[in-house]
Amino acid sequence: MSNPDPYGMRQNGHVATNVTYQTQHVSRDKRSQALGQRGGFRGCTIWLTGLSGAGKTTISFALEEYLVGKGIPAYSLDGDNIRHGLNKNLGFSQEDREENIRRISEVAKLFADGGIVCLTSFISPYRNDRDQARKLHDQAGLQFVECYVNTSLEVCEQRDVKGLYKKARNGQIKGFTGIDQVYEEPLKPELTIRAGDSSIDECVQQVVELLQQRGIVPESAITAVKELFVPEKILPKAIAEAESLQVLDITELDLQWVQVLAEGWGTPLTGFMRERQYLQSQHFGCLVDDGVANQSIPIVLAVRTEDKERLDGCTAVALRYKDRRVAILRTPEFYEHRKEERCSRQFGTCNTGHPYVKMVFDSGDWLCGGDLEVLQRIVWNDGLDSYRLTPLELRAKFRKLNADAVFAFQLRNPVHNGHALLMHDTQKRLKERGYKHPVLLLHPLGGWTKDDDVPLDWRIKQHQALMDEGVLDPQSTVMAIFPSPMMYAGPTEVQWHAKARMATGATFYIVGRDPAGMPHPDTKQDLYNPTHGAKVLTMAPGLSQLEIVPFRVAAYNQKKKQMDYFDPEKKDDFIFISGTKMRAMAKAGDTPPEGFMSPKAWAVMVAYYQSLSKQASAN
C-alpha cells in the first residue's frame, strides 16, 4: 500500500501557519451570471452516501447529465475516481477514510462556491465525517443536501458489480463497509432514495424535485408533467361553479389546444398564454421566467371584441364547446392580438393562402390568457380515443415494456418502408450503444390538418397495417395520437413537436426532410428550407435532453427491390417515388414496386384514394 502521509506531516502534527484567507472580488451572483444561470446562484453540494453498490455513482452520473442537459452546471465527484488522483495516497483505515472525506468536503465546497451543483458519491460511512462536511458548507453559506441511497446489503451483494463483496466475504478484503466495518446510517438526511425499488430516472427526479423545493434549480428543470384536470374529489364543486360562470364559446381548434394543455404536452404552461408568456414565445422561442423551457409556438385563445368587453373584469369564465362546459379559465387577461406580427414571426409569411395563417386572421382581435382547470378528459368519440394516450399514460406504458430508451417519430403522412428503414436503423444503433430495450413511439399528429392531408382515421389504419404485418415490431412499438393541431410553421413548429414529446420521457427524436413544411401558397416552392428543421433542432435552447436522429434520404433500390439509403455513387440503381406519384398510383389502384410499402398498408391507401374518387363522382 502507498504511504498515506509521504511528507510525515500528519504524524508530526504539522499544520500550515502564517496563512490568511483572502476574500474574492467576484460575488456568487456575478459568477452565476457568467455561467449563464437565469434566476441566480445555484451552487450547492449533493452528498450521496450509502453502501458500495447502492447506486450512488449511477444516480450521480445520471443526475449530472440531466442537470447539464437543462443548462445547469453540475459536476460529479466519484469516490473511485478521486482515489486515482487527489486521494491516491490514502488507504481505507478509519483515519484515512476520515481524511478522504475531509478533502472531498473542501473540494465540494469550492465547486459549490463556484456556482456549480457538486454531486459527491462516496460511501462516507461515518456520521461525524458527514456532519463535518455539512458544517463546512454551513459556515460558507452554501447549501448541503445529504441523500441517503438506502439500498439493502442483500441487494448490494446481488449487484456486486466490482466483485468486492465476494472478496470481502472470502476474507480477501479487510475493513469492507457493511461486512466487517460499520456503516452509520444518516439520522436526518434531506432525502432517502430507495434505489433498489426505483428506476434511475425516478431517483433522479426525486433529487431534482427536492432541489426545486429548496430553490436550487428552477421549476422548469423538473420533467414532471403538469396535467390541468380538476382533481376527482372536487370535480362536482368545479362543475357546479362552471355552470354559474359567464361563458366563452370556443371552436374545435380551441378545444384541441385545451386538450394539449390539459394533458400536459405544454408543460410548464398552466393555461392559455398570458401576454408575458406570449411575448417570450414570440421573441425568444422559450419561456424564461423560471429557467429556460422551449416554447417556439404560442398557445393562445383568440376572442372577439364583443366577448372581451362582456367578460373583462371577470375573475373566472367557463369555456364552452357545443353547449358543453369543458373548462374554467381563471383570472383571464386580455391583450391585443397583433395578427400580422404574430404570423410574420411564427410562419415567416402573412399570406392568407397559408391555411393556418388564414385561421389566425379570421379569429378574434384579442387574446385571452389565464390558468385552465379542465373538467373532464377531452374525447372525440370517433373510434380513436383509445389511441389518445396522455404523456403520463405513455410513460407508464414504456415502464411496462421495460424501455431504457424511447425514440419518437412524428408524422402526419402514411408510412412507407423508407420510414420503417430509418426506424429499424435507429433501434439497431441504440442497441449498439448499450440500450437493451429501446422502444419506438410512433406518434401521428391528430389535431387539425389541411384539407389535402390524409385524414387521421385512414392514417391510423395504414400504420396499424404495418404493425399487423410486422414491418414495425408491435412488441417494441407504441402507436399513439399526438393531439396537437398542425400549423405548417416549418422549423419553428418542429421545435414544438420535439419539446412536446419530451413530456412522454422520449430521449431520441427522429426528424425528417422538410418537417412541418408546405409549398408557398403562390410560388408552390418550398416555403421553408427542407434541411433547416433538423439543423434547428440540434441548436434549439431547452431541447438539449433530446438527441436528434436526422432523417437519412431513402429511395427505392431497383436491384435490391426494397427501400434503401440513397447512394450517390450508385444513383442509377435508385428511383424516387414522390408523394404525388404515390397518390396517383393509389388513385389508379396500381401496385407499387415490390418492397416500397407492405401490401396490407398499400391496400389501405388505395381504399382511401378510391373513396375520394367515389365521393367526387357522387357530387
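Each remark here, short or long, concerns the structure printed above.
Residues numbered from 1 in each chain as written. Predicted model: local features only at pLDDT ≥ 70, side-chain atom pairs only at ≥ 80, totals over all residues. Heavy atoms only, no water.

A. Spotlight on the overall build of the protein chain. The helix and strand tally for the protein chain stands at 21 helices and 21 strands. With respect to the three principal axes, the spread of C-alpha positions in the protein chain is 100 × 70 × 45 Å. Classification of the 619 residues of the protein chain by burial places 51% in the buried group. At a minimum sequence separation of 6, the contacts of the protein chain that also span at least 24 residues come to 73%. Computing the positive centroid from 76 side-chain charges and the negative centroid from 77, the protein chain places the two 3 Å apart. (Helix = DSSP H or I, 4+ residues; strand = E, 2+ residues; numbered from the N terminus. Buried < 20%, exposed > 50% of the residue type's maximum accessible area, 1.4 Å probe, protein only. Contact = heavy atoms within 4.5 Å. Lys, Arg positive; Asp, Glu negative; His and termini not counted. Charge placed at Lys NZ, Arg CZ, Asp CG, Glu CD.)

B. Inspection of the side chain of S296 at higher detail. Structurally, S296 is set in the loop between strand 9 (293–294) and strand 10 (302–303). By relative accessible area, S296 is classed as buried at 7%. Leaving out residues up to four positions away in the same chain, S296 has contacts with S281, G285, T492, Q495 and W496.

C. Broad picture of the sheet that holds strand 17 (residues 508–511). Taken in spatial order, the five strands line up as 16-15-14-17-18 in an open sheet, and their pairing is parallel. Only two strands of the sheet have a single neighbouring strand rather than two, namely strand 16 (477–479) and strand 18 (547–550). On average, adjacent strands in this sheet sit at an angle of 25° to one another, irrespective of strand direction. Note that strand 15 (residues 438–444) and strand 16 share three bridges and pair parallel. Of the residues in strand 16, the one forming a bridge with L442 is M479. On top of the sheet, helix 18 (residues 491–502) reaches strand 14 (405–411), strand 15 and strand 17; it is set at about 150° to strand 17, its chief contact. (Pairing = 2+ DSSP bridges. Axes fitted to C-alpha atoms, helices over the stretch in contact; angles between N-to-C directions.)

D. Focus on the packing of helix 17 (residues 456–468) against helix 21 (residues 599–618). The interhelical angle for the contact between helix 17 and helix 21, taken along N-to-C directions, is 160°, at an axis separation of 7 Å. Accordingly, the angle class assigned to the pair helix 17 and helix 21 is roughly antiparallel. Where helix 17 crosses over helix 21, the two elements pack in a sense that is right-handed. Here helix 17 contributes W458, K461, Q462, A465, L466 and D468 to the contact with helix 21, which in turn contributes K600, A601, V604, M605, A607, Y608 and S611. (Parallel < 35°, antiparallel > 145°, perpendicular 65-115°, else oblique. Left-handed = near helix turned anticlockwise from the far one by under 90°.)

E. Representation of the pairing of strand 2 (residues 74–78) within the structure. Burial analysis of strand 2 places four of its five residues in the buried class, the great majority of the element. Both strand 2 and strand 3 (residues 117–121) contribute to a ladder of five bridges, which runs parallel. Paired with L77 across the strands is T120, a residue of strand 3.

F. Seen up close, the packing of helix 2 (residues 56–69) against helix 8 (residues 200–213). Running from N to C, helix 2 and helix 8 cross one another at 65°; their axes reach a closest spacing of 9 Å. Relative to helix 8, helix 2 is oriented roughly perpendicular. By crossing handedness, the relation of helix 2 to helix 8 is classed as right-handed. For the pair helix 2 and helix 8, contact is made by T58, I59, A62, L63 and Y66 and by I200, C203, V204, Q205, V207 and V208, respectively. When the residues that make up the contact of helix 2 with helix 8 are grouped by side-chain class, the tally is nine nonpolar, two polar and no charged. (Nonpolar A, V, L, I, M, F, W, Y, C, P; charged D, E, K, R; others polar.)

G. Molecular detail of the pattern of salt bridges. In the structure shown here, the tally under the stated rule is 33 salt bridges. Of the charged contacts in the structure, one is a salt bridge between R433 and E547, with a shortest N-O distance of 2.7 Å. Of this pair, R433 sits in the loop between helix 16 (417–432) and strand 15 while E547 sits in strand 18, and the two are 114 residues apart along the sequence. Relative accessible area serves as the criterion here: at 48%, R433 is assigned to the partly exposed category. Counted as one network, the salt bridges with shared partners bring together R130, R134, E146 and E190. (Salt bridge = Lys/Arg side-chain N within 4 Å of Asp/Glu carboxyl O.)

H. Molecular detail of the sheet that holds strand 5 (residues 191–193). If you trace the five strands from one edge of the open sheet to the other, you get 2-3-1-4-5, paired in parallel fashion. Of all strands in the sheet, those bounded by a partner on one side alone are strand 2 and strand 5. With direction set aside, neighbouring strand axes in the sheet form an average angle of 20°. The sheet strands contacting helix 5 (residues 127–139) are strand 1 (44–49) and strand 4 (143–149), and the helix crosses strand 4 at an angle near 155°.

I. Representation of the nonpolar core in the model. Core analysis: the largest hydrophobic core is formed by 74 residues, its most contacted members being W257, F272, L319, L372 and W496. The leading source of residues in this core is helix 10 (residues 252–262), at seven residues. Ignoring any residue separated from it by four or fewer positions in sequence, one finds L319 in contact with L248, I250, V258, F272, L301, R324, R325, V326, A327, L329 and L372. Core analysis: the next-biggest nonpolar cluster, separate from the first, contains 43 residues, W458, L472, I481 and I510 among them. (Core = buried A, V, L, I, M, F, W, Y, C linked by side-chain atoms within 4.5 Å.)

J. Quick look at the environment of D312. Following the sequence through the fold, D312 ends up in the loop between helix 12 (305–311) and strand 11 (316–321). For D312, a relative accessible area of 46% translates into the label partly exposed. Considered as a pair, D312 and Q246 are 66 residues apart in the sequence and their alpha carbons are 11 Å apart.

K. Structural context of helix 2. Relative to the 20 Å expected for 14 residues at 1.5 Å per residue, helix 2 spans 20 Å between its end C-alpha atoms, a close match to the ideal helical length. Taken together, the buried positions of helix 2 are K56, I59, S60, L63, Y66, L67 and G69. On the buried face of helix 2, the contacting elements are strand 1, strand 2, strand 3, strand 4, strand 5 and helix 8. Phi turns positive, to about 80°, at G71, one or two residues after helix 2. (Expected span 1.5 Å × (residues − 1).)

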